[in-house]
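Coordinate inspection notes
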Amino acid sequence: MEFLTTSLIVVLVPGTGVIYTVSNGLFSGWKASVAAAIGCTAGILPHLSASILGLSAILHTSAILYQGIKYAGAVYLLYLAWNMWRETGSLTLDASGLKTGWWPIVKRGFLINILNPKLSIFFLAFLPLFVPPGTASPTVQMIFLSIMFMAMTLIIFVLYGIFANGVRKYVAHSPRLIGRLQRTFAATFAVLGVKLAMTDQ
């Protein structure tokens, strides 16, 4: 129960993945938000695997490796921000959704999370807290906890996306509001990118 409660709080806090999922649900419909949620959740898997195998400890001690991944993630977020800002005024709410297919949306969500090295370090510190002392197989226990965390992430992100899709009708006929929302999401991605770049290990 402690793990579920803590995980719920961690997942509910709006971050890059939530912003990405909500933006897709708002502009492209619930199917796009589900694709975004799947991509963001899949992007957690490498970090969880690295934590379980102890690779994130290497990442934590290797300043060059950490900085490289961190700056790659920051640049990618700034790239997403620039693209969204550039399209301001030209984007319309897509009633049919997913004109470009699932894969591009899933891929972007995956890249957003996989290029955040702080996730590996977070899980390295997070998972062992909920493995009881004397557990016969700590690795199996952490794998089980990881599956639970990913399932919770997927469910919460999908709910975020469905909620965003639910308010689409209120902005569908307001190009000015759509433009403001685009700028807001673009600015948010830019701020998150700069924040990631400036974060110490």
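Located above this text is the structure these notes cover.
To start, this report covers the structure provided alongside it. (Residues numbered from 1 in each chain as written. Predicted model: local features only at pLDDT ≥ 70, side-chain atom pairs only at ≥ 80, totals over all residues. Heavy atoms only, no water.)

**Some words on the overall build of the chain**
Filter applied, for reference: Only DSSP runs of H or I with at least four residues qualify as helices, and only runs of E with at least two residues qualify as strands; both kinds are numbered from the N terminus onward. By definition, residues are in contact when any of their heavy atoms lie within 4.5 Å. Computed with the Shrake-Rupley method and a 1.4 Å probe, the accessible areas treat only the protein chains shown as cover for residues.
Along its length, the chain carries eleven helices and zero strands. Along the chain, helices (α) and strands (β) appear in the sequence α-α-α-α-α-α-α-α-α-α-α when read from the amino end. Here the contacts in the chain between residues at least 6 apart in sequence split such that 85% fall between residues at least 24 apart. Counting only carbon and sulfur atoms, one obtains 71% of the accessible surface of the chain, whose full area is about 10700 Å².

**Let's talk about a nonpolar patch on the surface**
Rule in force here: Excluding any residue in a salt bridge, patches collect residues exceeding 30% relative accessible area, merging like charges within 9 Å and nonpolar Val, Leu, Ile, Met, Phe, Trp and Tyr side chains within 5 Å. Definition used for salt bridges: Asp or Glu carboxyl oxygen within 4 Å of a side-chain nitrogen of Lys or Arg. Under the scheme applied here, a residue whose accessible area is under 20% of the maximum for its type counts as buried, over 50% as exposed, and between as partly exposed, the area being computed with a 1.4 Å probe on protein chains only.
Residues Trp-30, Ile-155, Leu-159 and Ile-162 make up a contiguous nonpolar surface patch of roughly 420 Å² in combined accessible area. Residue contributions to the nonpolar patch peak at three residues, all from helix H9 (residues 138–166). Relative to the helices and strands, Ile-155 is located in helix H9. A relative accessible area of 53% means that Ile-155 is categorised as exposed.

**Some points on helix H7 (residues 102–114)**
We apply this condition: Here, expected helix span is obtained from the residue count minus one, scaled by 1.5 Å. Read the arc as the range of directions from the helix axis to the C-beta atoms.
Taking 1.5 Å per residue, 13 residues should reach 18 Å; H7 reaches 18 Å between its end C-alpha atoms and fits that length. Restricting attention to buried positions, one finds in H7 the residues Ile-105, Val-106, Gly-109, Ile-112 and Asn-113. The arc enclosing the buried residues of H7, seen along the axis, measures out at 125 degrees, which places them on a common side.

**What to know about the layout of surface pockets**
Any space left empty among the atoms is revealed by the rolling of a water-sized probe across them. The line we're drawing: Both site types are read off a 1 Å grid over the protein atoms alone. A 1.4 Å probe that fits but cannot get out defines a cavity, while an open set with protein on both sides within 12 Å along at least five of seven lines defines a pocket; lining residues have an atom within 4 Å of a point. Grid points are joined across faces, edges and corners, and a volume is the space filled by probe spheres set on the points. Gly counts as polar in this scheme, as do all residues outside two lists: the nonpolar Ala, Val, Leu, Ile, Met, Phe, Trp, Tyr, Cys and Pro, and the charged Asp, Glu, Lys and Arg.
Of the volumes computed, that of the largest pocket is approximately 740 Å³. Gly-15, Thr-16, Asn-113, Asn-116 and Leu-119 are the residues nearest the centre of the largest pocket, which is lined by 26 residues in total. Looking at the lining of the largest pocket, the elements that each hand over two or more residues are helix H1 (2–12), helix H2 (16–28), helix H6 (63–86), H7, helix H8 (118–126), H9 and helix H11 (175–198). At four residues, H8 tops the list of elements feeding residues into the lining of the largest pocket. Looking at side-chain class alone, the lining of the largest pocket contains 16 nonpolar, eight polar and two charged residues.

**What about the packing of H2 against helix H3 (residues 30–42)?**
Applicable threshold: Only C-alpha atoms enter the line fits that serve as axes; for helices the fit covers just the stretch in contact. Angles between N-to-C directions range over 0 to 180 degrees. Orientation categories follow fixed angle ranges, with anything under 35 degrees roughly parallel, anything over 145 roughly antiparallel, 65 to 115 roughly perpendicular, and all other angles oblique. Handedness of each helix crossing follows the sense of rotation of the near helix against the far helix: counterclockwise by less than a right angle gives left-handed, clockwise gives right-handed.
It is at 7 Å that the axes of H2 and H3 come closest, and there the two elements cross at 160 degrees. By the angle between their axes, H2 is roughly antiparallel relative to H3. For the crossing formed where H2 meets H3, the hand is right-handed. Residue-level contacts link Gly-17, Tyr-20, Thr-21, Asn-24, Gly-25 and Ser-28 of H2 to Ala-32, Ser-33, Ala-36, Ala-37 and Cys-40 of H3. The residue makeup of the contact of H2 with H3, split by class, is five nonpolar, six polar and no charged.

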